[in-house]
Amino acid sequence: MAAGLAAALSAQGHSSEGLNRAVIFIGPPGAGKGTQAKEVARHYGVPHLSTGDMFREHVSRGTPLGRQAKPLMDSGALVPDSIVLGMVEERIARPDCARGFVLDGFPRTEPQAEGLAALLEKRGFRDPVVVHFVVDDGLLLRRLTGRRVCKVGGENYNIYDRPPKVPGRCDNDGGELLQRPDDREEVVAPRLQAYERQTFPLIAYYRAHGVLQDVDATGPVDDVARRVMEVLRKAR
Ligand code: AP5
């Protein structure tokens, strides 16, 4: 973790209090959900559940689910709701989710949101906090096409805004930095369209349920982290 981000989080000083609920990070591709979710989850000692990461793991292991998801992901389309819901249901039933978890990239459609609500109720969780990452479209292309991910540890860099010390190599373990297939410029537009069409309506859905918190996701990572933590602190 970047020293500044660690300081931003520890300054909030309440990790021992636990989370005890579901936190949902929602926002367009490249808004910074994964970057923040990883650190918030670490801060509270709860799992970071990224449906994108789960699918990428299936793809790299060549499972049947991975073979089904890969062409959809590579074209910027969403994976069918029934598959995503089954995968999430299995994951949040594990004991490490009992004290809460951070959902990153899920739900992305209204049927997924309805399915999640039923799962949370079944497991005795109160209403989730939904953090909406608000960011200018202009920034997204730069963040997505500039992203590079460590092949070994999964650490996230950006060649424009968060470059590694040695180009192409991870600061932590020296692993090779790779570009995600769906971060190629020609796939970014269909991903943004899928977001507008299928996920953006969830903003109104969660606002109507009174659980949505807008966060300005522009500016340095540490500043965004402070805003996210403030929202979570107030929502407790
Ligand atoms: P997924 O992996 O969820 O991708 P996404 O939602 O498109 O989000 P990203 O991971 O691209 O962006 P992010 O907001 O996490 O940004 P990040 O922090 O990395 O999904 C991939 C695919 O899987 C989908 O297209 C779909 O096919 C499938 N899928 C997944 N979930 C699904 C679901 N629920 N239903 C159906 N299908 C599903 O940051 C981006 C870059 O910006 C990085 O380089 C980072 O270093 C940099 N950065 C971050 N914050 C800042 C900052 N404040 N300043 C400067 N740079 C920053």
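Let us look at the structure shown here. (Residues numbered from 1 in each chain as written. Predicted model: local features only at pLDDT ≥ 70, side-chain atom pairs only at ≥ 80, totals over all residues. Heavy atoms only, no water.)

### Quick look at empty space enclosed by the protein
So, step 1. For the structure on display, the rule yields two cavities of 30 Å³ or more.
So, step 2. Counted as a void, the second largest cavity has a volume near 50 Å³.
So, step 3. For the second largest cavity, the full set of lining residues is Leu-19, Arg-21, Val-23, Tyr-44, Arg-126, Val-129, Leu-232, Ala-235 and Arg-236.
So, step 4. Across the lining of the second largest cavity, the residue classes tally to six nonpolar, no polar and three charged. (1 Å grid on protein atoms, 1.4 Å probe; cavity = no way out; pocket = protein on both sides within 12 Å on 5 of 7 lines; lining within 4 Å. Points joined across faces, edges and corners; volume = space filled by probe spheres on them. Nonpolar A, V, L, I, M, F, W, Y, C, P; charged D, E, K, R; others polar.)

### Quick look at the layout of surface pockets
So, step 1. In this model, the second largest pocket occupies a volume close to 210 Å³.
So, step 2. Around the second largest pocket, the lining comprises 13 residues; the ones closest to its centre are Ala-117, Leu-120, Asp-127, Pro-128 and His-209.
So, step 3. Those elements that provide at least two residues to the lining of the second largest pocket are helix H6 (110-122) and helix H9 (201-208).
So, step 4. If one sorts the elements of the lining of the second largest pocket by residue count, H6 sits on top with five residues.
So, step 5. Classifying every residue of the lining of the second largest pocket by side-chain character gives nine nonpolar, one polar and three charged. (Helix = DSSP H or I, 4+ residues; strand = E, 2+ residues; numbered from the N terminus.)

### Points about the sheet that holds strand E7 (residues 177-178)
Strand pairing in a sheet relies on backbone hydrogen bonds, with the paired strands running either antiparallel or parallel.
So, step 1. The sheet built from three strands is open, its strands ordered E6-E5-E7 with antiparallel pairing. The open sheet has two edge strands, strand E6 (156-158) and E7, and neither has a second partner.
So, step 2. The sheet contact formed by strand E5 (residues 147-150) and E6 spans three bridges and is antiparallel. Bridge pairing in E6 places Arg-148 opposite Tyr-157.
So, step 3. Its contacts with the sheet put helix H7 (residues 137-145) on E5 and E6, and the angle it makes with E5 is roughly 35°. (Pairing = 2+ DSSP bridges. Contact = heavy atoms within 4.5 Å. Axes fitted to C-alpha atoms, helices over the stretch in contact; angles between N-to-C directions.)

The values are spatial; any link to function lies outside them.
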